[in-house]
Amino acid sequence: MHSSACLCYERENSTNFKNHTQPKMSEEAWKLYYHSLERLQGSYGRAEFVRLVLEEAGVSYKMVHDNIAQLFKGGEWQGYPAFAPPLIQRGDFSLSQTGVICKFLGKKYGLYPTTEEDEWHADQLNTTVHDYIAEGRLSFHGKEWASSYLEQVEETKPYQEYFIKERMPKFLQHFEKALTANNGGKGFLVGNSVTYVDLALLHVLRATEAQFPAEWGALTSVPLLKAYQQRLQQRPRLQEYFNSDRWRPFSGNSMM
């Protein structure tokens, strides 16, 4: 696992827009709870959103895969109530819901907007990113959303076709427009530095390319988005992560 020292700091800009006070926690590595790799056919699923924030921040963490069903479905989790993983824990503090985790870690480790306006625009975009990945996943589970895609390959084809034709371009063109709205699309989604929402969008773009390579390659309406993806994944810490054995390839199942 990543062994870089944990970085803890706050950011403040000239308008005195400050991060909120953080919960008191020990300085041990974060625990990141998620389903086993076997269940996910080798990928990290939604936990990858969280991993990208931690990797870009250079923060120590370790994966916890043991007894996930018993913890979250069997009611054995003893921390603050959580519906499902991913979940992060350090000391007595724990937090679930992927988008909320990434926002929290972004704020804590300097991957966060520096103005209030950008904060809310990032929040808006982050919600849309997670709407997109949720719709993409469900297109692989048209018969039974909680069952494996491998148990419903034929039945779910119409849902995938609809997603590819109608929903995927609509979302991606929206992200292109949002990117263009900030500095002409030459930098980041908000502000002048990378934030947690950039990392979230990077993940879904990589998932789209891996899951639908032909359709992604043929899409000509999002040139700035494609260039943005290339820029972000070449950031030193991310590039090192993607080239390491810590990263797991997409499974080709449910955009995961």
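A brief look at the structure comes next. Please read these numbers as outputs of a predicted model, since none were measured by experiment.

1. A short note on the overall build of the protein
Thinking step 1. When you go through the protein residue by residue, the secondary structure sums to nine helices and four strands.
Thinking step 2. Along the protein, helices (α) and strands (β) appear in the sequence β-α-β-α-β-β-α-α-α-α-α-α-α when read from the amino end.
Thinking step 3. Residues counted as buried form 52% of the 256 residues belonging to the protein.
Thinking step 4. Of the roughly 12600 Å² of accessible surface on the protein, a fraction of 51% belongs to carbon and sulfur atoms.

2. Points about the sheet that holds strand β3 (residues 87-90)
Thinking step 1. Strand order in the open sheet made by the four strands is β2-β1-β3-β4, with mixed pairing throughout. Two strands lie at the open edges of the sheet, namely β2 (61-64) and β4 (93-96), each paired on one side alone. Averaged over all pairs of adjacent strands, the angle between strand axes in this sheet comes to 20 degrees, irrespective of strand direction.
Thinking step 2. Note: β3 against β4, four bridges, orientation antiparallel. Across the sheet, the residue bridging to Leu87 is Ser96, located in β4.
Thinking step 3. On top of the sheet, helix α1 (residues 47-57) reaches β1 (30-33), β2 and β3; it is set at about 165 degrees to β2, its chief contact.

3. Quick notes on unusual backbone geometry
Thinking step 1. Geometrically, the link from Pro85 to Pro86 is a cis peptide bond, its omega value of 10 degrees lying close to zero.
Thinking step 2. Topologically, Pro86 is positioned in the loop between α2 (68-72) and β3.
Thinking step 3. The backbone of Asn67 shows a phi angle near 55 degrees, a positive value even though the residue is not glycine.
Thinking step 4. Positive phi, close to 75 degrees, is recorded for Gln97, a residue that is not glycine.
Thinking step 5. Within the secondary structure, Gln97 is located in the loop between β4 and α3 (98-108).

4. Thoughts on the nonpolar core
Grouped burial of nonpolar side chains is what soluble globular proteins tend to show.
Thinking step 1. In terms of nonpolar packing, the biggest core is built from 64 residues, with Trp30, Ile88, Leu105, Tyr132, Leu172, Leu201 and Leu225 touching the most fellow members.
Thinking step 2. The next biggest cluster of nonpolar side chains, apart from the first, holds eight residues, and it includes Tyr33, Val64, Trp77 and Leu87.

Thresholds applied
Residues numbered from 1 in each chain as written. Predicted model: local features only at pLDDT ≥ 70, side-chain atom pairs only at ≥ 80, totals over all residues. Heavy atoms only, no water. Helix = DSSP H or I, 4+ residues; strand = E, 2+ residues; numbered from the N terminus. Buried < 20%, exposed > 50% of the residue type's maximum accessible area, 1.4 Å probe, protein only. Areas by Shrake-Rupley, 256 points an atom, 1.4 Å probe, with all protein chains shown as cover. Pairing = 2+ DSSP bridges. Axes fitted to C-alpha atoms, helices over the stretch in contact; angles between N-to-C directions. Contact = heavy atoms within 4.5 Å. Core = buried A, V, L, I, M, F, W, Y, C linked by side-chain atoms within 4.5 Å.

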